[in-house]
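The residues making up each chain are set out below.
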Amino acid sequence: MQSKIIIDTDPGVDDALAIEFALNAKELEVIGLSTVFGNVDVDLATINALRLLDLAKRADVPIARGTAHPLEGRFSGGVPFVHGDDGQGNTWQPKSQLQAIEQAAVDFIIEQIKRYPNEVTIAALGPLTNLALALQKAPEVQDLVKAVVLMGGNPFGPGNATPAGEANILGDPRAADIVFGARWQVTMIPLDVTHTIMLHENRLKNITKKSKRALHQHVMSAYIFYQDFYKRANNISGSYIHDSSVIAYLLHPDLFTSVPYPIRVEINDGISKGKTWPALQNVEDDNQQALLPWRNRPKVNVCTAVDSTRMLDVLEAHLY
């Protein structure tokens, strides 16, 4: 039986790879994409999502346009130096003739969770604003969703957007804090883990040859720009696998080691904004007043390690 998933996404080159991965996984039924600002603005994210589904010949998968700004403040702009001016490695694919549905992403997410109670997993690849808004509008969904699996955070290491903040969480810290505080089951795949998964340049070249499908060739072309960024910024011949880790977890959670922690997110302006803070102590100790912000918070399933060799093998096996 296939697992139903909604991919909440801000495509983004690494999102494109994750979407290809998910669409090719026979174990998963992608029942929709919801878009959000992040790597690019939400309008371009929606255009790119439509392009990707068009290339995949998957007009049956609905796309719902999401929110354009975080819960507090305004979207500060994308990262074209990472993903290209078009968000797809400057491949400049023509716009798709497909159209997003009229329903807003928040309403689509709520509707699908209620239509399939305890069956829908949300695969979150960008800032968590759509999810937080869904919780605010329909709090009951936290008891009806199967799970939320997200790429984001950095509980035990540095960030990538700032020394303290990982990009997806920093995009909307308030939303992330709301999502981590809800009753639904959340699994976090943070930078601490994804920075141990390296797709080397030589392997990418071999993967590029695996398929002539339009979506695959597009993603591989976009990855040339993405890997050039990593070469410039990190002096490495390859790229970290971030968003596709979520899809790998949905298929093979046994690849990952995880530990449950309550999580708080630094929401205030300052050098630590966006930092995901796990409580390692017993937060129910009444003598520890400093732990009050974590008290009565649900525990998040925080991934702490991955079998990166096997994970890359699983990814490659689904790129055909």
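Since this is a predicted model, take the numbers as computed values, not measurements.

Participant: Looking at this structure, I do not really get the overall build of the protein. What am I missing?
Facilitator: In terms of helices and strands, the protein carries 12 helices and 11 strands. The C-alpha radius of gyration computed for the protein amounts to 18 Å, which stays within 12% of the reference 20 Å derived for 320 residues, consistent with globular compactness. The dimensions of the protein, computed from C-alpha atoms along their principal axes, are 60 × 45 × 40 Å. By residue count, 56% of the 320 residues in the protein fall in the buried class. Sequence separation of 24 or more characterises 80% of the internal contacts of the protein that already satisfy a separation of 6 or more.

Participant: Looking at this structure, how should I read the nonpolar core?
Facilitator: In summary, soluble globular proteins display a tendency toward joint burial of nonpolar side chains. Membership of the largest hydrophobic core comes to 59 residues, with the highest contact counts inside it found for Ile 7, Leu 33, Tyr 223, Ile 241 and Phe 256. In contact with Ile 241, other than residues within four places in its own chain, are Leu 17, Thr 194, Ile 197, Leu 199, Tyr 223, Met 311, Leu 312 and Leu 315. Counting 36 residues, the second-largest nonpolar core is a separate cluster that includes Val 120, Leu 128, Val 186 and Val 302.

Participant: Where do I start with the environment of Gly 87 in this structure?
Facilitator: Of note, Gly 87 is situated in the loop between helix H3 (80-83) and helix H4 (105-115). Between the alpha carbons of Gly 87 and Glu 266 there is a distance of 28 Å; along the sequence they are 179 residues apart. Each residue touching Gly 87, except ones within four places of it in the same chain, is listed here: Pro 11, Gly 12, Val 13, Val 40, Leu 44 and Asn 48.

Participant: Honestly, the sheet that holds strand S1 (residues 3-9) in this entry has me stumped. Any pointers?
Facilitator: As a general point, the strands of a sheet are linked pairwise by backbone hydrogen bonds and lie either parallel or antiparallel. One open sheet holds the 9 strands; their spatial order is S3-S2-S1-S4-S5-S6-S11-S9-S10, and the pairing between them is mixed. One side of each edge strand has no neighbouring strand; the edge strands of this open sheet are strand S3 (63-64) and strand S10 (276-278). Where helix H7 (residues 173-181) meets the sheet, it contacts strand S5 (147-151), strand S6 (186-189), strand S9 (256-265), S10 and strand S11 (299-306), and its direction lies at approximately 115° from that of S9.

Participant: Help me understand the packing of helix H9 (residues 201-208) against helix H10 (residues 214-234), please; the structure alone is not making it clear to me.
Facilitator: Packed helix pairs are specified by the crossing angle of their axes together with the interaxial distance, meaning the distance between the axes. Where H9 meets H10, the closest approach of the two axes is 10 Å, and the angle between their N-to-C directions is 170°. The angle between H9 and H10 places the two elements in the roughly antiparallel class. Within the contact between the two elements, H9 uses Glu 201, Leu 204, Ile 207 and Thr 208 and H10 uses His 216, Gln 217, Met 220, Tyr 223, Gln 227 and Lys 231. The residue inventory of the contact of H9 with H10, partitioned by class, reads 4 nonpolar, 4 polar and 2 charged.

Participant: Even after reading the chapter, I still don't get helix H12 (residues 308-317), so can you show me in this structure?
Facilitator: Because an α-helix completes one turn every 3.6 residues, residues spaced three or four positions apart along the sequence face the same direction. Of all the residues in H12, the buried ones are Met 311, Leu 312, Val 314, Leu 315 and Glu 316. Where H12 is buried, its residues touch helix H1 (13-24), strand S7 (198-200), H9, helix H11 (244-251), S9 and S11.

Participant: How should I be thinking about unusual backbone geometry in this particular structure?
Facilitator: Leave glycine aside and you will find that most residues have negative phi; peptide bonds, for their part, are mostly trans. Following Pro 11, the chain continues to Gly 12 via a peptide bond in cis, the omega torsion being 0°. Non-glycine residue Asn 235 carries a positive phi angle of around 60°.

Participant: Quick question: what am I supposed to make of the pattern of salt bridges here?
Facilitator: A side chain of one charge can pair with a side chain of the opposite charge if their charged atoms are brought near each other. On inspection of all chains with the given rule, the structure shows 16 salt bridges. When the shortest N-O distance is used, the salt bridge between Arg 183 and Asp 143 registers 2.6 Å. Here the residue Arg 183 occupies a position in the loop between H7 and S6, and Asp 143 occupies one in the loop between helix H5 (129-137) and S5, the gap between them amounting to 40 residues. Using a relative accessible area of 43% as the deciding quantity, one classes Asp 143 as partly exposed. Each of the salt bridges in this network shares a partner with another, and the network as a whole consists of Lys 4, Glu 29 and Glu 119.

Participant: Honestly, the packing of aromatic side chains in this entry has me stumped. Any pointers?
Facilitator: Under the criterion given, the structure shown has 8 aromatic pairs. With centroids separated by 5.7 Å and ring planes inclined at 65°, the aromatic side chains of Phe 156 and Tyr 261 adopt a geometry described as edge-to-face. With Phe 156 in the loop between S5 and helix H6 (167-171) and Tyr 261 in strand S9, this residue pair connects regions lying 105 residues apart in the sequence. Classification of Tyr 261 by relative accessible area gives buried; the value is 16%. Between Lys 4 and the ring centre of Tyr 116, over which it is positioned, the NZ or CZ distance is 4.8 Å. One Lys or Arg, Lys 275, reaches over the ring of Trp 277 and ends 5.3 Å from the middle of that ring.

Participant: Which parts of the structure should I look at to understand the environment of Thr 129?
Facilitator: The residue Thr 129 is located in helix H5 in this model. We classify Thr 129 as buried; its relative accessible area is 0%. C-alpha separation for the pair Thr 129 and Thr 67, spaced 62 residues apart in sequence, amounts to 7.1 Å. Beyond its immediate chain neighbours, meaning those up to four positions away, Thr 129 contacts Val 36, Phe 37, Thr 67, His 69, Pro 70, Leu 71, Asp 172 and Ala 175.

Cut-offs and rules
- Residues numbered from 1 in each chain as written.
- Predicted model: local features only at pLDDT ≥ 70, side-chain atom pairs only at ≥ 80, totals over all residues.
- Heavy atoms only, no water.
- Helix = DSSP H or I, 4+ residues; strand = E, 2+ residues; numbered from the N terminus.
- Rg over C-alpha atoms; globule rule 2.2 N^0.38 Å.
- Buried < 20%, exposed > 50% of the residue type's maximum accessible area, 1.4 Å probe, protein only.
- Contact = heavy atoms within 4.5 Å.
- Core = buried A, V, L, I, M, F, W, Y, C linked by side-chain atoms within 4.5 Å.
- Pairing = 2+ DSSP bridges.
- Axes fitted to C-alpha atoms, helices over the stretch in contact; angles between N-to-C directions.
- Parallel < 35°, antiparallel > 145°, perpendicular 65-115°, else oblique.
- Nonpolar A, V, L, I, M, F, W, Y, C, P; charged D, E, K, R; others polar.
- Salt bridge = Lys/Arg side-chain N within 4 Å of Asp/Glu carboxyl O.
- Phe/Tyr/Trp six-rings, centres within 6.5 Å; stacked < 30°, edge-to-face > 60°.
- Lys NZ or Arg CZ within 6 Å of the ring centre and 35° of its normal.

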